[in-house]
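Below, each chain spelled out in residue letters.
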Amino acid sequence: MSHRERWMAWIFVAPALLLVGALMYYPMIGTIIESLYSTSFINPVPKFQGLAAYYKILADPIFGQVVWNSLIWTVFVVALQNVFGLLVALLLNQQMPGQGLMRSLVLLPWVLPGVVAAILWRFMYDPQLGLVNSLLISLGLIDHGTAWLAETSTAMGSIIMAAVWKGFPFSAIVYLAALQTVDQEQVEAAKIDGAGATRRLFDVVLPGIKDVIAINLLLTTILTFNYFDIIWVMTNGGPQNATAIFPTQIYELGFGQFRFGEAAVYGVFSILVLALLIMVYFGVLSRGRHRGKAS
Amino acid sequence: MILASVTLSSVSKFWGSFVAVEKISLAMADGEFIVLLGPSGCGKSTTMRMIAGLDDPSAGEIRIDDRVVNDLPPGKRDLAMVFQNYGLYPHMTVADNIGYPLKVAGVNREERERQVRAAAERVELGGLLERKPGQLSGGQRQRVALGRAIVRTPKLFLMDEPLSNLDAKLRVYMRAELKHLQRDLGTTTIYVTHDQVEAMTLADRVAVMANGKLQQVGTPLDIYNTPANVFVAGFLGNPPMNLLPIAIADGRVQDSELTLAAPAGVNGAITVGQRPEDMRLSETDAGNMAGEVYTTELLGDSTLVTVKVGKNLVAVKTDKNTKVHMGENVGIRFDPKHLHFFDTTSGTRVAFDASR
Ligand SMILES: Nc1ncnc2c1ncn2[C@@H]1O[C@H](COP(=O)(O)OP(=O)(O)OP(=O)(O)O)[C@@H](O)[C@H]1O
Ligand SMILES: [Mg+2]
């Protein structure tokens, strides 16, 4: 590019850069600055306090719990969503009658607004009226209703189930699209070579879509780590912080208790985690692109 | 040697109401090289896929040796297939690709490596075992597919247009290689192509198909010399046989452009055929018909002269030094020993007494 052309290029991308800067980096940097100041309801004028809020939070056992919860939540929701999504995609990829209808029905949980899904699941988990309890009682697995969302031992598992239900269609559709690009000649070659369905899945089909799997794992990880609505509506992060993850904790501290500085510290930590994930995402993306060129 | 005979009895395939393959019956002997030849869409691949077990026949019976295999999955039919795009596993090395059928069969690693090396040597891939398919040329990929096919010495080879992705020169070379390999291994082979030169050069017997139906089965010479119907006559040969519709009544050709002694027993609406190489140019009044030169094409070893006779174009293969010009009037003489007669309505060959 000549000097002049480079100038032109900058002029053309400048509006986009400004927009991204204003919409994304300004709040991000704002958060970092915020975390260095003490602002509260009684003391609305920000006062610089350095890393004091960081020390305070790191010393607080709740921080450890939020990290642990976020980890459990993210790992289980992502794993179950992907496994379940892949299984459903494999099923939908079969030639069968009513396939079109099935494909649209599967999408239903995903198109439902998060808050609606959360309320639906709160009903299902209701100790007296809930479907979950009546089902388990009629199956003889439990003998009286459990308050699934009110017990520290069951709350996390319960919201994980709800989030998997809400999110698996996304993975299913992504994987279905990927499965349809798998070269049928390879699958048929494996059939002729004597490979059964399971072998073909692991030897031909999954290697054929492994880039899509990697990308989808990362995308769902980022989305899950940032999840807010379902948890907030179902448990508020409780009981006793049992389901508090970064986004709910930030909301609780900032808008529930007006401890903006501390909320911002949680924000900074979650920005770090997300930045890391996004770096991995682009790494995988460019590796996939390289391989695409090589073959 | 383990060889297989394959028998199709009245095999059909319908896609909904569309008939892709209609009542094909065909018996292939042990060690035979059979080529399914026909234009695009005539059902060659479908027929082969039914033999492989990749598609289920809608009707009829397929036997390998004496066993009905209709309900046997592909992996249990003891056959290998080479696909048009080779169907190689892109994430596996050449060695793993070739060794895959053995791995599935549970052959241990050492034995597998030995057999893979032997197969790779056979298809001249020795130095490339650690590469991935993406790092190979088309011809090399083709060899990997062949290697994977021969590695477990199957009873039957199926090949669906395996050479069509290669450039012209490599295709001729691989054609010879393939023929040599097949003769060497002696494995029964079914080969699908729409290229008549491939069919002629490779086949012990050719099965010509059109519109889902079998037209003729025979040695390459058989089908070239005595085509069973107008379709086969017009499909084979380059350029194909000249076909002229005429009417014969009372032993006389009722066509003003053509003077020809009609053989005994040939009557009615008839299509007369003769190959371009059997025809000769002559003086206008000395031939069986006459017309105006339409084009001349030098083919190298010969010259192809196309003559417009009435509404028809007739191709005549002549000596390469023939000098005729566009628009010139010429006569065409038939070789009476190489005439073909077909019933125009049904298209089938009409037998006649050539001794007259
Ligand atoms: N899965 C399918 N569904 C519907 N029709 C099909 C299907 N597979 C093949 N056909 C039809 O059956 C006919 C025969 O197809 P086939 O693939 O056997 O042709 P072919 O002789 O191999 O042609 P080509 O030389 O182009 O490969 C075609 O008209 C094709 O459109
Ligand atoms: Mg085909």
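Basis of the calculations
- Residues numbered from 1 in each chain as written.
- Chains lettered and ligands numbered in written order.
- Predicted model: local features only at pLDDT ≥ 70, side-chain atom pairs only at ≥ 80, totals over all residues.
- Heavy atoms only, no water.
- Pairing = 2+ DSSP bridges.
- Helix = DSSP H or I, 4+ residues; strand = E, 2+ residues; numbered from the N terminus.
- Contact = heavy atoms within 4.5 Å.
- Buried area = accessible area lost by both parts, 1.4 Å probe.
- Salt bridge = Lys/Arg side-chain N within 4 Å of Asp/Glu carboxyl O.
- Polar contact = N/O pair within 3.5 Å; in protein donor to acceptor, adjacent residues only side chain to side chain.
- Axes fitted to C-alpha atoms, helices over the stretch in contact; angles between N-to-C directions.
- Parallel < 35°, antiparallel > 145°, perpendicular 65-115°, else oblique.
- Left-handed = near helix turned anticlockwise from the far one by under 90°.
- Nonpolar A, V, L, I, M, F, W, Y, C, P; charged D, E, K, R; others polar.
- Phe/Tyr/Trp six-rings, centres within 6.5 Å; stacked < 30°, edge-to-face > 60°.
- Buried < 20%, exposed > 50% of the residue type's maximum accessible area, 1.4 Å probe, protein only.
- Lys NZ or Arg CZ within 6 Å of the ring centre and 35° of its normal.
- Near = heavy atom within 4 Å.
- Arc of directions from axis to C-beta.
- Right-handed = clockwise from strand over helix to strand, strands pointing away.

Peer 1: How should I be thinking about the sheet that holds strand β13 (residues 268-274) of chain B in this particular structure?
Peer 2: The strands making up a sheet are joined through hydrogen bonds of the backbone, oriented either antiparallel or parallel. Residues and elements named next belong to chain B. Reading across from one edge, β12-β11-β13-β19 is the order of the four strands in this open sheet, with antiparallel pairing throughout. The two strands at the open ends of the sheet, each matched to only one other strand, are β12 (252-253) and β19 (340-343). Bridge count for strand β11 (residues 242-249) against β13 is seven bridges, and the pairing is antiparallel. Note that in β13 the partner of leucine 244 across the bridge is valine 272.

Peer 1: How should I be thinking about the interface of chain B and chain A in this particular structure?
Peer 2: How large an interface is tends to be reported as the accessible area lost when its parts come together. At the interface, 25 residues of chain B touch 16 residues of chain A. Carbon and sulfur atoms make up 57% of the surface buried where chain B meets chain A, a total of about 1,700 Å² over both sides. Applying the counting criterion to the chain B and chain A interface returns two salt bridges. Counting the contacts that link chain B with chain A gives 11 residue pairs in polar contact (both at pLDDT 80 or more). Of all the secondary-structure elements, those providing two or more residues to the side of chain B that touches chain A are α1 (44-52), β6 (79-82) and α2 (94-105) of chain B. Top element by residues in the side of chain B that touches chain A is α2(B). It accounts for four residues.

Peer 1: Explain the packing of helix α3 (residues 61-92) of chain A against helix α7 (residues 155-179) of chain A here, please?
Peer 2: In helix packing, the relevant descriptors are the interaxial angle and the interaxial distance, both defined with respect to the helix axes. Residue and element names in this part refer to chain A. For the pair α3 and α7, the least separation of the axes is 6 Å and the interaxial angle reads 40°. Considering their axes alone, α3 and α7 lie oblique with respect to each other. The two elements α3 and α7 meet at a crossing, and its hand is right-handed. When the residues that make up the contact of α3 with α7 are grouped by side-chain class, the tally is 21 nonpolar, six polar and no charged.

Peer 1: Looking at this structure, I do not really get the packing of aromatic side chains. What am I missing?
Peer 2: When we look at a pair of aromatic rings, we describe it by the centre distance and by the angle of the planes. All told, the structure shown has 21 aromatic pairs over all chains when counted by the stated rule. Measuring from ring centre to ring centre gives 5.5 Å for A:Trp121 and A:Tyr125, while their planes differ by 45°; the resulting arrangement is tilted. In this structure, A:Trp121 and A:Tyr125 share a single accessibility class: buried. Plain terms: the ring middles of A:Phe228 and A:Trp232 are 5.5 Å apart, the flat faces sit at 20° to each other, and that makes the pair stacked. Clustering of aromatic rings is evident, with ring pairs tying together A:Tyr54, A:Phe63, A:Phe225, A:Phe246, A:Tyr266 and A:Phe269. Positioned above the aromatic ring of B:Tyr89 is the side chain of B:Arg148, whose terminal nitrogen or guanidinium carbon lies 4.8 Å from the ring centre. A cation sits over an aromatic face here: B:Arg275 above B:Tyr224, 3.8 Å from the ring centre.

Peer 1: Explain the sheet that holds strand β14 (residues 280-282) of chain B to me, please; I cannot follow it from the model alone.
Peer 2: All names here are of chain B. Pairing within the open sheet is antiparallel, and its five strands lie in the order β14-β18-β15-β16-β17. A single partner strand is all that each edge strand has here, and the edge strands are β14 and β17 (312-319). If you compare each strand with its neighbour and ignore which way they point, the axes differ by 50° on average. As judged from the four bridges shared by strand β15 (residues 289-298) and strand β18 (residues 329-333), these two strands associate in the antiparallel manner. When the sheet's bridge partners are listed, alanine 290 is paired in β18 with glycine 331.

Peer 1: What is the right way to read the site of ligand 1 from this model?
Peer 2: Residue and element names in this part refer to chain B. Around ligand 1 sit Trp15, Phe18, Ala20, Pro39, Ser40, Gly41, Cys42, Gly43, Lys44, Ser45, Thr46 and Glu161, and that is every residue in its neighbourhood. Within the side chain of glutamate 161, a nitrogen or oxygen atom sits 3.2 Å from an oxygen atom of ligand 1. When contributions to the shell around ligand 1 are tallied by element, the ones reaching two or more residues are β2 (18-28) and α1. At three residues, α1 tops the list of elements feeding residues into the shell around ligand 1. Taken together, the residues of the shell around ligand 1 sort by class into five nonpolar, five polar and two charged.

Peer 1: What's the story with helix α5 (residues 114-124) of chain A in this structure? I'm lost.
Peer 2: Every α-helix winds through 3.6 residues per turn, so residues three or four apart in the chain are directed the same way. Residues and elements named next belong to chain A. Those residues of α5 that sit buried are Gly114, Ala117, Ala118 and Trp121. Buried residues of α5 fall within an arc of 100° about the axis and therefore sit on the same side. Of the surrounding elements, those touching the buried residues of α5 are α7 and α11 (229-234).

Peer 1: What is the right way to read the environment of B:Arg183 from this model?
Peer 2: Residues and elements named next belong to chain B. Structurally, arginine 183 is set in helix α5 (residues 168-185). Here arginine 183 is in contact with Phe33, Leu202 and Asp204, once residues within four sequence places are set aside. For arginine 183, the side chain forms a polar contact with the side chain of aspartate 204, separated by 3.0 Å.

Peer 1: What should I look at first to understand the pairing of strand β8 (residues 188-193) of chain B in this one?
Peer 2: The two faces of a sheet get side chains in turn, since along a regular strand they alternate between them. All names here are of chain B. Most of β8 sits inside the fold, with six of its six residues counted as buried. Every second residue of β8 is oriented toward a common face, with Thr188, Ile190 and Val192 on one face and Thr189, Tyr191 and Thr193 on the other, all of them buried. Bridge analysis of strand β3 (residues 33-37) against β8 gives five bridges, and the strand direction is parallel. Its bridge partner being in β8, leucine 37 is matched across the sheet by threonine 193. Of the crossover connections in this fold, the one passing from strand β7 (residues 156-160) over α5 to the parallel β8 is right-handed.

Peer 1: Looking at this structure, I do not really get the pattern of salt bridges. What am I missing?
Peer 2: Between side chains of opposite charge, pairing is possible as soon as their charged atoms come close. Under the definition given, this model contains 16 salt bridges over all chains. Two residues, A:Arg259 and A:Glu262, come together in a salt bridge whose shortest N-O distance is 2.7 Å. With its nearest N and O atoms 2.9 Å apart, the salt bridge here joins B:Glu61 to B:Arg63. The class for B:Glu61 is partly exposed, based on a relative accessible area of 29%. Connected through salt bridges with shared partners, the residues A:Lys56, A:Arg259 and A:Glu262 form a single ionic network.

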